[in-house]
Amino acid sequence: MEIIQIVGLGIIATILTLVIKEQKPLFAFLLTVFTGVIIFLFLIGKISSIIQLLEKLADQSSIDMVFLKTILKIIGIAYIAEFGSQIVRDAGHESIASKIELSGKILILYMAIPIITVIIETVIKLLPT
Amino acid sequence: MLQWLSSWLREIILVILLASFVDLILPSNKMQRYVKVVISLFILMTILSPIVSLLKVEWDFDQLNNQFQLDEVSTNNYGSMSEILQDGEKLKDQNEQETAKLIQTKMEDMIHRQLEEQMSVAVQSVSVKVLFEDSNEPKVGEMVIVLQSQMKPDQTMEVAEVQPIEQVEPVVIDIHLEADDATEVDVVEEQREITEEMKQTENEITTFLISKWDISSDQINVEYEPTMDEI
């Protein structure tokens, strides 16, 4: 019943943020960040078991572990960028949020470089020279 | 070949499963498109993996040619696989026949001795047929035991000694129609006695052999040596 705990924590944090926002907007922002981090920490155990499942799948399909690490890194980048951009957007800074998203996208493509090179090489080798 | 195909298919299926799981745990926003592109590239690479491995190998045609020639030479020397297998089968058959022969002579000897010692019957000859069934284990097919028609040589000798030669009584021949019938009946009775006695010993021998050699009764065939009278 962790979902009840998480939802309760979220509702309480929201009420507190609404109360504080009038007097101290900075503390309201900090409270939002901490709530987000605490919810993430709650879920770390579950995420690790999901990652183990993915690793098992990759192991059975005899995929190179480097590629699995790449995929996991891409997922992590997506999550962190999403988290940061949402918080910043809540604070009312749309431009910074969009920059965070952009950097996330670029890093994801950067991670995919090895896979893309392998595919391009294969296609080029298939063509008669 | 089939194994390689199945492993390749398994790889593809598992990668697609993995991709769908990753898709499930993705955050539901703008990042999704980018991550999906990368994962689809990954699936494409897995599907192309046989071609990749084919292109990685540098084909040396001289070496391939040499290997081919070597293969030809080796096939000439040793013959094809089926020939080798046939030879093996022949050798096995020969081996089985020899084994069967050995077992037959041993068993004949042993049964001969056992019967003479324990049953005190005069055995003329014993012949055993040993067959090799599918299970590669020798089995007793048929057993023919030929007994001497006299019970025991020394017994008959005794009988011969004890019986004095009786004086031949004058033969009175009465020609009757009834008398003829009577002699016939006697002869039949005599024969029956003999056969009953023989049957008893036959049964004894059969039970003895069944208990000793663990075979069924219809495999045993007890015969009597044809006596001089019969001939």
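Model, not experiment: these values are computed from the prediction.

(A) Focus on the overall build of chain A. A tally of helices and strands in chain A yields five helices and zero strands. In chain A, buried positions account for 26% of the 129 residues.

(B) Representation of helix α3 (residues 65–90) of chain A within the structure. With 26 residues, α3 of chain A should reach 38 Å at 1.5 Å per residue; the first-to-last C-alpha distance of 38 Å fits that figure. Immediately beyond the C-terminal end of α3 of chain A, within one or two residues, lies Gly92 of chain A, with a positive phi of roughly 95 degrees.

(C) Highlighting the packing of helix α1 (residues 2–24) of chain B against helix α2 (residues 31–56) of chain B. Residues and elements named next belong to chain B. Relative to each other, α1 and α2 sit at 175 degrees, their axes nearing to 9 Å. The orientation of α1 with respect to α2, classified from their angle, is roughly antiparallel. Touching Trp4, Trp8, Glu11, Ile12, Val15, Ile16, Leu18, Ala19, Val22 and Asp23 of α1 are Gln32, Lys36, Ile39, Phe42, Ile43, Thr46, Ile47, Ser49 and Pro50, all from α2. Split by residue class, the contact of α1 with α2 holds 13 nonpolar, three polar and three charged.

(D) Geometry of the pairing of strand β3 (residues 220–224) of chain B. Residues and elements named next belong to chain B. By the alternation rule, side chains of β3 split into Ile220, Val222 and Tyr224, which are all buried, and Asn221 and Glu223, of which none is buried. Pairing of strand β2 (residues 138–147) with β3, which is carried by five bridges, proceeds in the parallel orientation. Paired with Val146 across the two strands is Glu223, which belongs to β3.

(E) Up close: α1 of chain B. When the terminal C-alpha atoms of α1 of chain B are compared, their 33 Å separation across 23 residues agrees well with the 33 Å that a helix rising 1.5 Å per residue should span. For α1 of chain B, the full list of buried residues reads Glu11, Ile12, Leu14, Val15, Leu18, Ala19 and Val22 of chain B. Taken together, the buried residues of α1 of chain B touch α2 (25–60) and α3 of chain A together with α2 of chain B.

(F) Seen up close, the nonpolar core. Counting residues in hydrophobic clusters, the biggest one holds 30 residues, and the most contacted among them are Ile108 and Ile115 of chain A together with Leu18, Val35 and Phe42 of chain B. Where this core is concerned, the elements lending two or more residues are α2, α3 and α5 (113–126) of chain A together with α1 and α2 of chain B. Setting aside its immediate chain neighbours within four residues, Ile108 of chain A contacts Ile74, Ile77 and Ala78 of chain A together with Met31, Tyr34, Val35 and Val38 of chain B. Counting residues in hydrophobic clusters, the runner-up holds 22 residues, among them Val126, Val140, Leu147 and Ile220 of chain B.

(G) Expanded view of the interface of chain A and chain B. Taken together, the 33 residues of chain A in the interface contact 24 residues of chain B. For the chain A and chain B pair, buried surface summed over both sides reaches about 3000 Å², with 83% attributable to carbon and sulfur atoms. Taken together, the links from chain A to chain B amount to zero salt bridges. Elements represented by at least two residues in the side of chain A that touches chain B include exactly α2, α3, α4 (94–111) and α5 of chain A. For the side of chain A that touches chain B, the per-class residue count stands at 22 nonpolar, six polar and five charged.

(H) Representation of the pattern of salt bridges in the model. Considering all chains together, one arrives at five salt bridges over all chains under this definition. Notably, a salt bridge pairs Lys36 of chain B with Asp23 of chain B, separated by 3.9 Å at the nearest N-O pair. Note that Lys36 of chain B is positioned in helix α2 and Asp23 of chain B in helix α1, a separation of 13 residues in sequence. Residue class for Lys36 of chain B comes out partly exposed when judged on its relative accessible area of 41%. Residue Arg113 of chain B pairs with Asp109 of chain B through a salt bridge whose shortest N-O separation is 3.6 Å. Of this pair, Arg113 of chain B and Asp109 of chain B are both found in helix α4 (residues 81–119), four residues apart, which corresponds to roughly one turn of the helix. Note on Asp109 of chain B: relative accessible area 44%, which makes it partly exposed. It is possible to trace a salt-bridge network through shared partners that takes in Arg89, Glu94 and Glu101 of chain A.

Definitions and cut-offs
Residues numbered from 1 in each chain as written. Chains lettered and ligands numbered in written order. Predicted model: local features only at pLDDT ≥ 70, side-chain atom pairs only at ≥ 80, totals over all residues. Heavy atoms only, no water. Helix = DSSP H or I, 4+ residues; strand = E, 2+ residues; numbered from the N terminus. Buried < 20%, exposed > 50% of the residue type's maximum accessible area, 1.4 Å probe, protein only. Expected span 1.5 Å × (residues − 1). Axes fitted to C-alpha atoms, helices over the stretch in contact; angles between N-to-C directions. Parallel < 35°, antiparallel > 145°, perpendicular 65-115°, else oblique. Contact = heavy atoms within 4.5 Å. Nonpolar A, V, L, I, M, F, W, Y, C, P; charged D, E, K, R; others polar. Pairing = 2+ DSSP bridges. Core = buried A, V, L, I, M, F, W, Y, C linked by side-chain atoms within 4.5 Å. Buried area = accessible area lost by both parts, 1.4 Å probe. Salt bridge = Lys/Arg side-chain N within 4 Å of Asp/Glu carboxyl O.

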